[in-house]
Structure formats: structure tokens, C-alpha cells
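One letter stands for each residue in the lines below.
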Amino acid sequence: MRFKSITRFLAIALLTACWFSASASVSASIWDESFFPNTELINDRGETVRFFDDLIKDKIVVILFIYTTCPDVCPLETAQMVKVQDLLGDRMAGDGLDGDVHFYSITIDPDVDTPEVLADYKKRFGARWMHLTGDEEEIIDIRRRLGLYLEDQPGGAYNHNINLIMGNQRTGRWMTRSPFENTYVLADQIGNWLDGWTRVSDRDENYADAPALREMSEGEGLYRSRCATCHSLDGKDPENAIGPDLLGVTFLRDREWLINWIRAPNEMLANRDPLAMALFEQYNRVPMPNMRLNRHETFAILSYIEDVTREKAGMPRKDTAVAEVASNEIDIETESSVSQQAENGAAPQTAPEVVQDERDLNVAAVMNAWIREPHVSAPVNAAYMTIVNYGAEPLKLAEIRSEDYASVEIHEMVDEDGMRKMRKLDGVEIESHGVVILQPGGKHLMLRQPKRVMRSGDVVDMVLVFESGEEQLISVQVDTR
């Protein structure tokens, strides 16, 4: 998709929304087999189905057009719709689901997106709805009928309308929506509005009585619209997470690496950056999309993430440091002006030096670290985390120290003679570009003799000591998960 055409997209989306929404007041028979093509498509199981007879006739449907090599919006909209899928619960139809709401993703790049490729794609995202391919010209005809083909754009992957369409073929009620709408709003529209639900207020209400909305920072707005679809920010990786939890990431990663990763993840993957590749492999090989962010926007997001991290950890707020750097940074779109200024004899503008936190210079990346909240009198407890070695040499975690415990040991659970036993280890090996997960039921940290009562939300500092002699400080939150 070409972002410079966004105004055209919005204009077409508005006209399309009006056209399809008007159908609710017209006989549903207009939107039958005489309007919709009965094109043959092939689903992700290799089965041939017909667009009208098998996919939409008498059904509530949501239709997206995607392609699996899309570097930006397709991964986000698929991840977003997985959240809607989960909200709809037993209303969903699909793999092992018997509900009445049917999602479909149809590729706009059928030469690449075979049934096997589509099956792998949906598995990586946890999508349980049907993905389909077919003849490119026939798919374009479907898109035209649905108002989701851009006549003034080139064909192929660049002709990509960012909207989805939802409808009820039986009632003739259809509308286009952005897949980046609030997931609860989308689920309500799909599950209620399309099914004929209406609300009648049983009390007098006045907009003047509505609570005032709080002000949202630029960083929070960008985070919610660009990051929250794939990432959590509470210290917990949800099951089948598409991307890592970002709480504390500004303390655990080199800041310049973060900036480069957020701004051009596709380039870092193409260059096989070790940490980027490790994350790609760890999170179901779902690539981080390029969101076309400039440096100012990137700093705003990082500032927001750091503010949330500090608030949750009870640390003082870092009010201005990142924001001041962000406001003075040279935007990538204007960086070329520096050399032009020099040629004209003017002193070129330069970006201020970024003073990095001492924990930016890490031996390894530590993610999703947490300590199980113990009973107040428990003499031992456990901690878990994911450790990524993004260096060219193997690492060995040899020791862990914490002032909050008498000792911290590395243990693993093993099966011996039909019994589940715990065994102490003298360290943990982490291969070059490798990942080690300390988790319940496997390798973990055993925390002995706490020196204070630990409550959920408390933060414990730990020092990871590597066999090379290097040390790394991390902060780990106590949790009830």
C-alpha cells in the first residue's frame, strides 16, 4: 500500500460505506447472487469453495484482503482481527468453531500465497478463520463488487485498500470499517449491529453529564494506534503473543537499536540483525511491520513506554529527558538538509547526544521476567524470564545475585525413574543468537530466604553474572500470574 494515497483511500471508503449502509433500507434481494460473483476460490486446506454459495449466502461475514509478504498493515490488521475473534468467542465460525460469524481473508497476491503459505500465515497469528486464494483477476472482480479496489492505483500488492467489509447477506446490511478501529467496537458492530440489534435508552441522558476525557500524550496515542495491536505493556506475554511485552524495554535494550528496530524492522531482518532474527523466531516468525515512523514519533513512543515502566515499578518519572531529545531530533525526512546547509556555508544542525542508561549496554536481552508472588512465610520462591543472546559468541549465565534473597540458584525440573524432580544447575548455556526460556515446569530461578515480604507489584533487582565476568543488572516485578 502506498501511504501517500491515504486521502484517496478515505474518500473511497466514505463513499463505499454510504453505498453499502444504504442497503439496509433496501430489499435484501438486491444483494444476492445477481450482485455477488460466485467465483471459485481455494481455501487454506486446498478445498475449492464458491464465494457466494459457500462463503457469504445467508451469513454474517467479515472480509479482509491481505497478502502474506506485506511489510506493514497486513500483519497489524490480522493481529487486530485475532483480538476481535477472541472477543466474539463462540459467535465465531472457523477451525473447530461452530458460531454464526464468518471471517475471511482473501489474498491479493495469489501467485505467492498458495494454500500452504496461507495455512502457515494464519497459524503464526493464531487466526482461526478461513484464508483463501484464487485467480487474480477474479479476486479483483470481487474487490470491485465490494468497493475495495482502487481503480487509480497500480495492480498487485500496491493496490491495497486498508479497509475491511462486514455484512449480513440475508438482511442486506453491509458497511466498510477500518480494521484498526477499537476491537470492542468492531466486535459489537459485528455481533450486534449486523444481527439486527438496536438499543433503546430507558433513561434520560445528557452529553453534558459525560465524564471529561483525559489528555493523551503523543506517545500514548502512537503506541495505542501502532504498537498495542501486537504488544502488551504490563510485564506479561499473553499466550500465543505475536510480539514481546514492552514493559521495561527502554532499560533492557540499546536505545539506538530500539530506534532502528521500530523505524525499519524490515531492513534489520533483511540484514539478519541477530536480535531481530531471535525475536522473529521466538514470536512465530511474524515480522515486525514497518509503520513509517520518523525519529520524533519513535522517541515519543519510547518516552511513553518508559513512563509506564517507571510508574509500574514505582520509579520517579523521567519527565523531560526523552521528550527534549525527541523535540530536537532531526526528522529522517529533513536529514538531507544538513548537508545542504553545510554547502551553503551555514552551521549544520546536529542532533544532541543521547545519554544512554547504564543498563542499555547489555550482554543479553532479558524479556518477560517475573517473580511469582509468594506466601508471606514461604522460605523459597521462583523467578522466570526469557534470555536472548544477540551476540556472535555463546554465553553462559553462571550466577545470579540479589540483595533481597540469601541466595539465588538455577534449577530445572527433570523426570527420573518415573518421578518429577528438581535439580540444581551450575549455569545456563545460551547459544550465539539463541534463546533460553526460564519457565514453570522447566529451567527456573530458585529464590531462597527472602529478606523482605514480597507483594504483587514489588520490584526486585537482580545481577546476572556471566562466565565471561560481565554482569548485567535487571529489575524483576513480583506478579500473581
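For the structure, see preceding data.
### Comments concerning the sheet that holds strand 1 (residues 40–43)
One open sheet accounts for seven strands, arranged 2-1-7-6-3-8-9; its pairing is mixed. Two strands lie at the open edges of the sheet, namely strand 2 (48–50) and strand 9 (173–177), each paired on one side alone. Strand-to-strand, the axes of this sheet are offset by a mean angle of 30°, without reference to chain direction. Of the pairings in the sheet, the one linking strand 1 to strand 2 comprises three bridges and is antiparallel in character. Bridge pairing in strand 2 places Glu 40 opposite Arg 50. Each of strand 3 (60–66), strand 6 (101–107), strand 8 (164–168) and strand 9 touches helix 6 (residues 183–193); the most contacted strand, strand 9, lies at about 175° to it.

### Remarks on the packing of helix 7 (residues 218–227) against helix 12 (residues 295–313)
As a packed pair, helix 7 and helix 12 sit with axes 8 Å apart at the nearest point and diverge in direction by 95°. The angle between helix 7 and helix 12 places the two elements in the roughly perpendicular class. Only His 296, Glu 297, Ala 300, Ile 301, Tyr 304 and Ile 305 of helix 12 make contact with helix 7, whose side of the interface consists of Glu 218, Gly 219, Glu 220, Leu 222, Tyr 223, Arg 224 and Cys 227. The residue makeup of the contact of helix 7 with helix 12, split by class, is seven nonpolar, two polar and four charged.

### Some thoughts on helix 7
All buried positions along helix 7 are accounted for by Gly 219, Glu 220, Leu 222, Tyr 223 and Cys 227. Looking down the long axis of helix 7, one finds its buried residues gathered within 165° of arc, a one-sided arrangement.

Cut-off values and rules
Residues numbered from 1 in each chain as written. Predicted model: local features only at pLDDT ≥ 70, side-chain atom pairs only at ≥ 80, totals over all residues. Heavy atoms only, no water. Pairing = 2+ DSSP bridges. Helix = DSSP H or I, 4+ residues; strand = E, 2+ residues; numbered from the N terminus. Axes fitted to C-alpha atoms, helices over the stretch in contact; angles between N-to-C directions. Contact = heavy atoms within 4.5 Å. Parallel < 35°, antiparallel > 145°, perpendicular 65-115°, else oblique. Nonpolar A, V, L, I, M, F, W, Y, C, P; charged D, E, K, R; others polar. Buried < 20%, exposed > 50% of the residue type's maximum accessible area, 1.4 Å probe, protein only. Arc of directions from axis to C-beta.

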